[in-house]
Amino acid sequence: MCADYTPIGEEDLDAFLNAGLDVGGCDLFPEAFPGFMAPIIRQAHDGPRHIEFALACYGMVPHWADIKLARHTYNARTETVASKPSFRNAWKHKHFCIVPAANFFEPCYETGKAVRWRIEQAQGRPLGIGGIWEWKADGPDGLPLLSFSMLTINADKHPLMKRFHKPREEKRMPVILEPQQYHDWLEGALQNDAAAFAPYPADQLVAVADPLPHAPRRIYNLPPDACGAIDSRKSLPCMQRIVRILRGSLRR
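Reading the values: rules and limits
- Residues numbered from 1 in each chain as written.
- Predicted model: local features only at pLDDT ≥ 70, side-chain atom pairs only at ≥ 80, totals over all residues.
- Heavy atoms only, no water.
- Helix = DSSP H or I, 4+ residues; strand = E, 2+ residues; numbered from the N terminus.
- Buried < 20%, exposed > 50% of the residue type's maximum accessible area, 1.4 Å probe, protein only.
- Contact = heavy atoms within 4.5 Å.
- Areas by Shrake-Rupley, 256 points an atom, 1.4 Å probe, with all protein chains shown as cover.
- Polar contact = N/O pair within 3.5 Å; in protein donor to acceptor, adjacent residues only side chain to side chain.
- pLDDT = per-residue confidence, 0-100.
- Phe/Tyr/Trp six-rings, centres within 6.5 Å; stacked < 30°, edge-to-face > 60°.
- Lys NZ or Arg CZ within 6 Å of the ring centre and 35° of its normal.

1. Section: the overall build of the protein chain
A count of helices and strands for the protein chain gives 4 helices and 12 strands. When burial is assessed residue by residue, the protein chain has 49% of its 252 residues classed as buried. Considering only intrachain contacts with a sequence separation of at least 6, the fraction spanning at least 24 residues in the protein chain is 67%. A total accessible area of about 11800 Å² is found for the protein chain, and carbon and sulfur atoms account for 52% of it.

2. Here's the deal with the side chain of H158
Tracing the backbone through its elements, the reader meets H158 in the loop between β8 (145-154) and β9 (172-174). Here the side chain of H158 touches M161 through a polar contact of 3.0 Å, landing on its backbone nitrogen. When sequence neighbours within four positions are dropped, the list of residues in contact with H158 reads M173, P199, Y200, P201, A202 and L205.

3. Brief notes about the confidence of the model for the protein chain
Close inspection of predicted coordinates is inappropriate for parts of the model with low pLDDT. In this model, the protein chain carries a mean pLDDT of 82, and residues with pLDDT of at least 70 account for 77%. Every residue in residues 218-252 is under pLDDT 50, and counting partners more than four places away or in other chains gives 93 contacts.

4. Regarding the packing of aromatic side chains
The final tally for this structure, using the stated rule, is 9 aromatic pairs. An angle of 65° between the planes, with centres 5.7 Å apart, marks the rings of W185 and F197 as edge-to-face. Separated by 12 residues along the polypeptide, W185 in helix α3 (residues 182-187) and F197 in the loop between α3 and β11 (205-209) bring together distant segments of the chain. For W185, a relative accessible area of 0% gives the class buried. Owing to a relative accessible area of 17%, F197 belongs among the buried residues under this scheme. What links up through ring pairs into an aromatic cluster is the set Y5, Y58, Y74 and F148. The lysine or arginine in question, R42, covers the ring of W133, its NZ or CZ lying 4.3 Å from the ring centre. Taking the ring centre of F105 as reference, the NZ or CZ of R116 above it sits at 3.8 Å.

What follows is the structure, given as structure tokens:
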């Protein structure tokens, strides 16, 4: 499972899809944990090949669920995503998104205890992780909430990813897309394409020990200045108020 990753920075978001998005002024956290707001890219509704950039809660929150569910729904197994109550609506309606990431983190137990390792693209390029999104009309404080989950696949035989997670536990890794797959992924054309869910080549990834320096602060415990002069108990609704939907055309 992937419970911690680094969203790509503002300066990289536009170049990521070569889409002409103006992303200036968006407040992004240096790392994303379940319950944090992070950027996703999804298909827009105003025409073919149009995309949207938006901040969304890391962890799926269906219309019937409380925001606390995000602590458990940040990953969706591709083997069961079509049937699990938390994910099946998004899968059925092809609510696909791309999670732009500089890297992601996994625990390694080779020393006998859990040590956080950072995994990234070998050439330093951003990773496009395949995800699904959901919309909840009545989120915290009655405000709408956009949320997402990363899709994961089995990695028991992956030369690199099999090193992570506890011994004797199943190994997992996120679905990592190739740039030429982005457009079809967002349109839902790859939903039943096995190639889209193939393990990312091990020789295209590098991993290095990167212990977590301190315990993460959840979104609802952030200081008031994270969202401006507002009570810290309302941090998540505040983030929803400043969500900016930025539109552009996906260019090849």
